[in-house]
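# Summary of structural features
So you can see what is in the structure, the chains are spelled out below.
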Amino acid sequence: MMDRPQNTKLCKHCLCPFTYKSKKAEFCSDAHRQAYKYANKKKQAAKRQHRAETSAFFYYLADECRRAKTIEVLPATLEDFEDLHAVYKYRIKANNYGRSTDYSCCHIFPVKHPFLIGTLTADNIVVSYSKLNSKHSNTVIAGAGHSIPRHTLNPKWGVSETEAKSRVIALIVERLGTALIEALAVKLKLQPGKRQQAFDYLTSTTDARIPAVEKLNAMSTQELSKLKALVLGKENNGFVAYASHEYGQVFGHELRRLVRYRPELSQAVEAWESTLEDYIDIELSREYGSLPRRLKDRIADVLSNIYAEQFSLLHGSPIDSFVQNLPALVAQAKAIATEPVAREDFTAQEWKQRLAREAREALNREWVAHMEQLRFKRETTHSNYQAADTLAA
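The model shown is predicted, which means the values in this text are computed figures rather than measured ones.

The next thing to look at is the environment of A359. The topology assignment puts A359 in helix α14 (residues 348-392). Spatially, the C-alpha atoms of A359 and P75 are 57 Å apart, while their sequence positions differ by 284 residues.

Moving on, we come to the nonpolar core. With 73 residues, the main nonpolar core has F57, F58, L61, I71, I172 and L255 as its most contacted residues. Looking at which element gives the most residues to this core, the answer is helix α12 (residues 293-314), with nine residues. With sequence-adjacent residues up to four places away left out, L61 is seen in contact with L74, F81, L84, L120 and I172. Residues A198, F199, I210 and L227 belong to the second largest nonpolar core, which totals nine residues.

Put simply, the protein chain has an average pLDDT of 87, and 94% of its residues get 70 or more. Confidence over residues 237-244 falls short of pLDDT 50; this stretch has 10 contacts with residues more than four positions distant or in other chains.

Let us look at the packing of aromatic side chains. Within the structure shown, the criterion is met by nine aromatic pairs. Measuring from ring centre to ring centre gives 5.8 Å for F251 and F322, while their planes differ by 45°; the resulting arrangement is tilted. Here the residue F251 occupies a position in helix α10 (residues 249-258), and F322 occupies one in helix α13 (residues 319-337), the gap between them amounting to 71 residues. Residue classification places F251 among the buried residues on the basis of a relative accessible area of 4%. Classification of F322 as buried rests on a relative accessible area of 1%. The structure contains a cluster of three or more aromatic residues connected by ring pairs, namely F57, F58, Y60 and Y88.

This part covers the packing of α10 against α12. Interhelical geometry of α10 versus α12 gives an angle of 20° and a closest axis separation of 11 Å. As far as their axial angle goes, α12 and α10 are roughly parallel. Two packed elements cross with a definite hand, and for α10 against α12 that hand is left-handed. Here α10 contributes F251, E254, L255 and L258 to the contact with α12, which in turn contributes Q310, L313 and L314. Counted by class, the contact of α10 with α12 contains five nonpolar, one polar and one charged residues.

Further remarks concern the packing of helix α3 (residues 78-94) against helix α6 (residues 178-187). It is at 11 Å that the axes of α3 and α6 come closest, and there the two elements cross at 40°. The angle between α3 and α6 places the two elements in the oblique class. Crossing handedness for the pair α3 and α6: right-handed. Each of L78, F81 and E82 in α3 lies in contact with α6, whose residues at this interface are L180, A183, L184 and K187.

This brings us to the pairing of strand β5 (residues 125-129). In terms of residue burial, β5 counts as a mostly covered element, since five of its five residues are buried. Both strand β3 (residues 103-107) and β5 contribute to a ladder of five bridges, which runs antiparallel. Looking at β5, one finds that Y103 is bridged to Y129.

A cluster of nonpolar residues, W367, V368, M371 and L374, forms a patch on the protein surface that exposes about 400 Å² of accessible area. Relative to the elements of secondary structure, M371 occurs in helix α14.

With that settled, the discussion passes to the pattern of salt bridges. Any two side chains of opposite charge can pair, so long as their charged atoms come close to each other. Applying the stated criterion across every chain yields a total of 19 salt bridges. The closest approach of N and O atoms between R257 and E254, which form a salt bridge, is 2.8 Å. A residue pair is termed a helical-turn pair when its members lie 3 or 4 positions apart in one helix, as R257 and E254 do in helix α10 at three residues. A relative accessible area of 18% places R257 in the buried class. What makes E254 buried here is its relative accessible area of 0%.

Moving on, we come to unusual backbone geometry. Positive phi, close to 65°, is recorded for K69, a residue that is not glycine. Mapping K69 onto the fold places it in the loop between α2 (56-68) and α3. Here the phi dihedral of K189 falls at roughly 55°; this positive angle occurs in a residue that is not glycine. Considering the arrangement of structural elements, one finds K189 in the loop between α6 and α7 (194-203).

By the secondary structure assignment, Y261 is in the loop between α10 and α11 (266-288). Taking the C-alpha atoms as reference points, Y261 and D123, separated by 138 residues in sequence, lie 6.4 Å from one another. Discounting chain neighbours no more than four positions away, the residues touching Y261 are D83, A122 and D123.

So, how was this worked out
- Residues numbered from 1 in each chain as written.
- Predicted model: local features only at pLDDT ≥ 70, side-chain atom pairs only at ≥ 80, totals over all residues.
- Heavy atoms only, no water.
- Helix = DSSP H or I, 4+ residues; strand = E, 2+ residues; numbered from the N terminus.
- Core = buried A, V, L, I, M, F, W, Y, C linked by side-chain atoms within 4.5 Å.
- Buried < 20%, exposed > 50% of the residue type's maximum accessible area, 1.4 Å probe, protein only.
- Contact = heavy atoms within 4.5 Å.
- pLDDT = per-residue confidence, 0-100.
- Phe/Tyr/Trp six-rings, centres within 6.5 Å; stacked < 30°, edge-to-face > 60°.
- Axes fitted to C-alpha atoms, helices over the stretch in contact; angles between N-to-C directions.
- Parallel < 35°, antiparallel > 145°, perpendicular 65-115°, else oblique.
- Left-handed = near helix turned anticlockwise from the far one by under 90°.
- Nonpolar A, V, L, I, M, F, W, Y, C, P; charged D, E, K, R; others polar.
- Pairing = 2+ DSSP bridges.
- Patch = residues over 30% accessible without salt bridge, like charges linked within 9 Å, V, L, I, M, F, W, Y side chains within 5 Å.
- Areas by Shrake-Rupley, 256 points an atom, 1.4 Å probe, with all protein chains shown as cover.
- Salt bridge = Lys/Arg side-chain N within 4 Å of Asp/Glu carboxyl O.

In structure tokens form, the structure reads like this:
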């Protein structure tokens, strides 16, 4: 085999040898440099579009568009998509990253309405209680949320509730344009969902344990993930991400966020913050307090009314009603939590748990007092030594 001359190298585009003048040269001509740059740009754009189309966020958009039977409910600008994505991510965080389903993305103005249709935008979506959202259904509060007239919808962008998700996403891409899709992938840091990542890996790997594509399509996300872990030789350690949040934090977060669209809610924010400490005490009393079951049940009933007030406010109910009712409800629950109780109010099991809890609390108090005494002695001794050193000097 003949050796290549020392002043030649392979062109990165055509892979043909060329004679270079500078060691930094990588292409045989400017045309090939531009062609290589264009091909790379095209490849990068395709990757970004794939990341967006297979992301969990776009699957969520497709599901909501199928429910609305049109993709015209979606935002039109990058900024509006950023706001919507922030609400979507916060819903996941509020649910402890999949460990619960207490909260959902609720429409303020509903999707189902004879003349109007609620949009999938940050000013019409709020993270709130899932159970109350099911009961709320298609209730409309005048002037709340954001909607568009049904008679203005273009049939071209219509979809059915049974439309394939891939078809809906293709329509979304067509309407928004590839430039906006690429910008979303970069700005929102979109990545393929877990199912898509596992599916892409398994279809690109030659392993006798991997079934045909048809069977892979029929497998669940969990089954695909387990098969991928088996092929990689990795075992699932069972780790689940967890993010705790304080009582009332989700409502407070959404209330402050909506002030941007409804400035008058600032009055409700003040009312909520003024009662927040008592509200948290009530939640703790119900969850961990040494109270008989009958009192905890009564507190739970009052808290249900508080949740309903919160939900209604976020969905556009009058602010004055919330400002008046919240302090009264909190005071009512607080009064129940401080009612005197006797031994007869508890069942045998509840009384046993109460005594055990009180014993632990007493030990904790003794331990804190003991540590405080040790700290005081240590500081006193240190001060005495410093004073002695000063006198000796």
